[in-house]
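Chain residues, written in single-letter form:
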Amino acid sequence: MSTLAPLPPRPTRRPLAPQTIQEQQSRLVSLALLLILTGPGALMLAGLLAAFVQADRTQRRARWCALLGLAGLGVIAFRWGHLGATLASLTRTTQPLLGYLQPSLITPPPPAALPALFAQSWPDVRHFWLTMLLLAPLLALYLQNTRVKTAEDRERERLARDTARAQRALQRAQHQCATAPDAAGGSLVLGVPLGGDLAWSHGAWFTYPAANLGRHLVLIGASNTGKTETSKRLAYGAARTYGWRVFYLDCKGDEATAAEFTTAMHTAGIAHVAHFPSTTYDGWRGDSTAILNRLLAVLDYTEPYYRDMTKLLLSLAVDAPPGPPRSSEELLARLRLEHLLTLYRGHPEAQELTGLRKEDAQAAANRYRSFFRALRGGLDGRWAFEDVAAGYLLLKGLELRDQTASLGRYLLEDFAHYVAVRKPPDERVLLIIDEFPAIAVGGANAATLFEMVRFRGAGVIVTAQSYAGMGSDADRILGAAGGVILHQCADPERLLPRAGLQVSFQRRISVAERGMGRGVKEYALGEGSLAVQDSLKIHPDMVKRLQPGECVVIAGGAAQHIRVSRVRPPRRSPRRSPRPPRPAAPPVTPPLITDGIALDDATRQRCRTVAARRMPPRSSPAVPSPPPEAPAAPTPDPAPPPPRAGGPTPPPEAAAPISGPAAPPSLPRPADPGGSDIAEY
Ligand SMILES: Nc1ncnc2c1ncn2[C@@H]1O[C@H](COP(=O)(O)OP(=O)(O)OP(=O)(O)O)[C@@H](O)[C@H]1O
Ligand SMILES: [Mg+2]
């Protein structure tokens, strides 16, 4: 694992060990000798070059220096005849000076003759020292490498080298990501591995196996760190490589993500991506228990009395003859006590109804009325999870923020029912909940849902900005997750123990103090010890400094630092003739964002006919139609059947539009699984 640990602060000047002082002294001697041999000019230039080289952590300047030095050596060798003559002349003129060293062999010159001797040899000395300037780069490298370093200096250099190496690896990975294949070793490719012990790599690529994707994933990262890109890559791989259905519940409400997700699905080979709220969703599938569970997920109750009373009212409403409600209009009508009494006339439940206080029932009904009115028929549409290969559900634009959360929880409950009852057992599905905390407020009980769907072939990815943001269920959700992906975030400490610990060694050197007061000196005794200790495999600082697109994947007590590869849209053939511009589609108003669409009587009637055709056969006698309480659903559009993934990748322009009414499903709607209890999912 590449640990980009921070450099420790440089300490203030402190006493050096005797060995270090000794080394410094011998270096001074060698510098003095060099001064005489190569001259002050070469040594000063070498000093400047050494500082220049030292400032560069990448060693590039050192390499340039070595090249220049070798070139200088080459020039000297080329002009050796000239330099040789200078050296011979210098040897001749300075030979009498040897008399001071060996007076028995050579008579030394008198001191009065020395100035004349130096003046005579100066032209040769100057020529020699000027020539030595060519060796200044090599001298600089010598100075640089023989600099006396303390243990701290060496450690600092090692860390700087590691950092530079990690940065080079990251840059390489960035380039490599652009050529990432869809799959390697049969698993979807997520990106390029940069270091770690999670062995999911195949060749040069880091993969995310299907088995682990099906065991849920929690993706945490601060804003703009790459959570959505990573989710899109996983969504793309799940559809393209594993052939799963993929749904994206965007709790943040980002229109750009809608377009990108749709493009990613087109690239994966799914031609039609359902889009909510552009195309209204059918939230009324399943038996009365399933619908009751969905409705109960919508509201929060602080008072047990109101919770129990609302539960009773709702259960009576959804169980009322002739069967469960199939539209918000039908439900809201049933929540009126008088109407409910009409439905139960002659049934024993009518007795229970008379026990309900009218104003309490009215209060409960009003909460649902405001929720469904805000939706403007958004849940009375035609498509649901089982009808499409991919879908994008955008939670945005409701009048109140808590209604967005309510809608999210409603859809989550419907997803649970789809996975448990409506989905064929061998079919796999992935649900991505982007910015999960937006709907987690108020007890979504998501942890139970994740645990439940895991055994039925569904994987869930939740993204959040921080561990703390995941709410009170965080630990249970993490407990149910098979993996965690950490992008750059401020509080990774709670999650890093999941990657496990590693054995690390700590060298300790004994030191002794001598002297008193300001004269205290520290001496290394040459004794030491090696301490073995367990430390986190991933340093929290490393996670805090990840770049966008970089993340740490944690699973099964192991971790891998990776660079995520973005989904690349298919390239258009340059030889294709440009398409004629399409006629502009009539603007379609999403039902959740604007004031609903006013329906004329004919359209309303057509909707009723369609709804009646979709309803299960009614066994009980016809029911008087309730007075219209809520605006009716917008007209769903007809559309061709959505093809599954696996076919050739269609060009993006051939796919269904992402805004405006997307293609509603044409798969047959399954019969209501009557009799099953949602509690037994
Ligand atoms: N794998 C990647 N490769 C290259 N750049 C990336 C990658 N992932 C993210 N980025 C860059 O970071 C930006 C933000 O990414 P993204 O929208 O995925 O972040 P986010 O964590 O979802 O942000 P938010 O919390 O605001 O939704 C992208 O627009 C892109 O420029
Ligand atoms: Mg995002």
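In the annotation of an unreviewed UniProt entry, the chain is listed under the name AAA+ ATPase domain-containing protein and assigned to Candidatus Chloroploca asiatica.

A. Looking closely at the overall build of the chain. A tally of regular secondary structure across the chain gives 21 helices and 15 strands. Per-residue burial for the chain yields a buried fraction of 46% across its 681 residues. Partitioning the intrachain contacts of the chain with sequence separation of at least 6 by distance along the chain shows that 77% fall at a separation of at least 24. Carbon and sulfur atoms form 58% of the exposed surface of the chain, whose accessible area is close to 34100 Å².

B. Just helix H4 (residues 114-132), in detail. Over its 19 residues, H4 extends 25 Å from the first C-alpha to the last, a length consistent with the 27 Å expected when each residue adds 1.5 Å. Maximal helix bending in H4 amounts to about 45°, located at Trp122; proline Pro123 follows within four positions. Within the sequence span of H4, burial applies to Leu117, Ser121, Asp124, Val125, Phe128, Thr131 and Met132. Against the buried residues of H4 lie helix H1 (18-54), helix H2 (60-78), helix H3 (80-94) and helix H5 (136-145).

C. Representation of the packing of aromatic side chains in the model. All chains considered together, the criterion is met by 20 aromatic pairs. Note on Phe371 and Tyr410: the rings are 6.4 Å apart at their centroids and 40° apart in plane angle, and the pair reads as tilted. Of this pair, Phe371 sits in helix H15 (residues 358-375) while Tyr410 sits in helix H16 (residues 401-422), and the two are 39 residues apart along the sequence. Pairwise contacts between aromatic rings join Phe247, Tyr281, Trp383, Phe385, Phe415 and Tyr418 into one cluster. The ring of Phe52 carries Arg61 above its face, with NZ or CZ at 4.1 Å from the centroid.

D. Summary view of a positive patch on the surface. A contiguous patch of positive charge on the surface is contributed by Arg60, Arg63, Arg168 and Arg172. With respect to the element layout, Arg172 can be found in helix H6 (residues 151-177).

E. The state of the cysteines, seen in detail. A full pass over the atoms with the stated rule returns zero disulfides. Cys177 takes part in no disulfide bond, and the closest cysteine sulfur to it belongs to Cys551, at a distance of 9.9 Å. For Cys177, a relative accessible area of 8% corresponds to the buried category.

F. The arrangement of the site of ligand 1 in detail. Lining the immediate environment of ligand 1, one finds 16 residues, of which Asn224, Lys227, Thr228, Lys252 and Val564 sit closest. Between ligand 1 and Asn224 there is a distance of 2.8 Å, counted from an oxygen atom to a backbone nitrogen or oxygen. Starting from 630 Å² of accessible surface for ligand 1 in isolation, the protein chains cover 77%. Mapped onto the shell around ligand 1, the elements with two or more residues apiece are helix H8 (227-240) and strand E15 (558-564). Ranked by the residues each element gives to the shell around ligand 1, the list is headed by H8, at three residues. Classifying every residue of the shell around ligand 1 by side-chain character gives three nonpolar, seven polar and six charged.

G. Main features of a nonpolar patch on the surface. Together, Leu45, Leu48, Leu130 and Leu133 give the surface a local cluster of nonpolar side chains, amounting to about 370 Å² of exposed area. On the secondary structure map, Leu45 appears in helix H1.

H. Local environment of the UniProt feature "transmembrane region" (unreviewed entry) in the chain. UniProt feature "transmembrane region" (unreviewed entry): in the numbering of this structure it lies at residues 28-52 and 64-82. A helix fraction of 100% and a strand fraction of 0% characterise residues 28-52, whose end C-alpha atoms lie 21 Å from each other. Here residues 64-82 is 95% helix and 0% strand, with 27 Å between the C-alpha atoms at its ends.

I. How the structure looks around the pattern of salt bridges. As enumerated under the stated definition, the model contains 23 salt bridges in all. A salt bridge links Arg285 to Asp282, with the nearest nitrogen and oxygen atoms 2.9 Å apart. Pair check on accessibility: Arg285 and Asp282 agree, each one buried. We note a salt bridge from Arg422 to Glu386, for which the minimum N-O separation is 2.8 Å. Of this pair, Arg422 sits in helix H16 while Glu386 sits in the loop between H15 and strand E8 (390-394), and the two are 36 residues apart along the sequence. Among the ionic contacts, a cluster of salt bridges with common partners joins Asp282, Arg285, Arg294, Glu386, Asp387, Asp414 and Arg422.

J. Focus on the packing of H1 against H4. Where H1 meets H4, the axes come as close as 8 Å, and the angle between the chain directions of the two elements is 70°. On the basis of the axis angle, H1 is roughly perpendicular to H4. Counted together, Leu35, Ile36, Leu37, Thr38, Gly39, Pro40 and Ala42 of H1 and Phe128, Trp129 and Met132 of H4 form the full contact between these two elements. Split into classes, the residues belonging to the contact of H1 with H4 amount to eight nonpolar, two polar and no charged.

K. Region of interest: the nonpolar core. Counting residues in each nonpolar core, the largest one holds 90 residues, and the members touching the most others are Leu249, Leu295, Tyr368, Phe372, Leu379, Phe415 and Ile433. For Leu249, the contacting residues outside a window of four places in its chain are Leu393, Leu395, Gly408, Leu411, Leu412, Leu431, Ile432, Ile433, Asp434 and Ile439. Phe206, Ala238, Met265 and Ala389 belong to the second-largest nonpolar core, a separate cluster that totals 40 residues.

L. Molecular detail of unusual backbone geometry. Backbone torsion omega between Phe276 and Pro277 reads 15°, so that peptide bond is classified as cis. Along the chain, Pro277 turns up in the loop between strand E7 (274-276) and helix H10 (288-298). Each neighbour pair has its own omega, and for Pro321 with Pro322 the value is 10°, a cis peptide bond. Locating Pro322 in the fold gives a position in the loop between helix H11 (304-319) and helix H12 (328-334). Positioned with a positive phi, Asn224 is a non-glycine residue whose angle comes to about 65°. Its identity is not glycine, yet Arg376 carries a phi of approximately 50°, on the positive side. Relative to the helices and strands, Arg376 is located in the loop between H15 and E8.

Calculation criteria
Residues numbered from 1 in each chain as written. Chains lettered and ligands numbered in written order. Predicted model: local features only at pLDDT ≥ 70, side-chain atom pairs only at ≥ 80, totals over all residues. Heavy atoms only, no water. Helix = DSSP H or I, 4+ residues; strand = E, 2+ residues; numbered from the N terminus. Buried < 20%, exposed > 50% of the residue type's maximum accessible area, 1.4 Å probe, protein only. Contact = heavy atoms within 4.5 Å. Areas by Shrake-Rupley, 256 points an atom, 1.4 Å probe, with all protein chains shown as cover. Expected span 1.5 Å × (residues − 1). Bend = angle between axes of the 7 residues up to and from the residue. Phe/Tyr/Trp six-rings, centres within 6.5 Å; stacked < 30°, edge-to-face > 60°. Lys NZ or Arg CZ within 6 Å of the ring centre and 35° of its normal. Patch = residues over 30% accessible without salt bridge, like charges linked within 9 Å, V, L, I, M, F, W, Y side chains within 5 Å. Salt bridge = Lys/Arg side-chain N within 4 Å of Asp/Glu carboxyl O. Lys, Arg positive; Asp, Glu negative; His and termini not counted. Charge placed at Lys NZ, Arg CZ, Asp CG, Glu CD. Disulfide = S-S within 2.5 Å. Near = heavy atom within 4 Å. Polar contact = N/O pair within 3.5 Å; in protein donor to acceptor, adjacent residues only side chain to side chain. Nonpolar A, V, L, I, M, F, W, Y, C, P; charged D, E, K, R; others polar. UniProt positions renumbered as here; feature names shortened; annotations may be inferred. Axes fitted to C-alpha atoms, helices over the stretch in contact; angles between N-to-C directions. Parallel < 35°, antiparallel > 145°, perpendicular 65-115°, else oblique. Core = buried A, V, L, I, M, F, W, Y, C linked by side-chain atoms within 4.5 Å.

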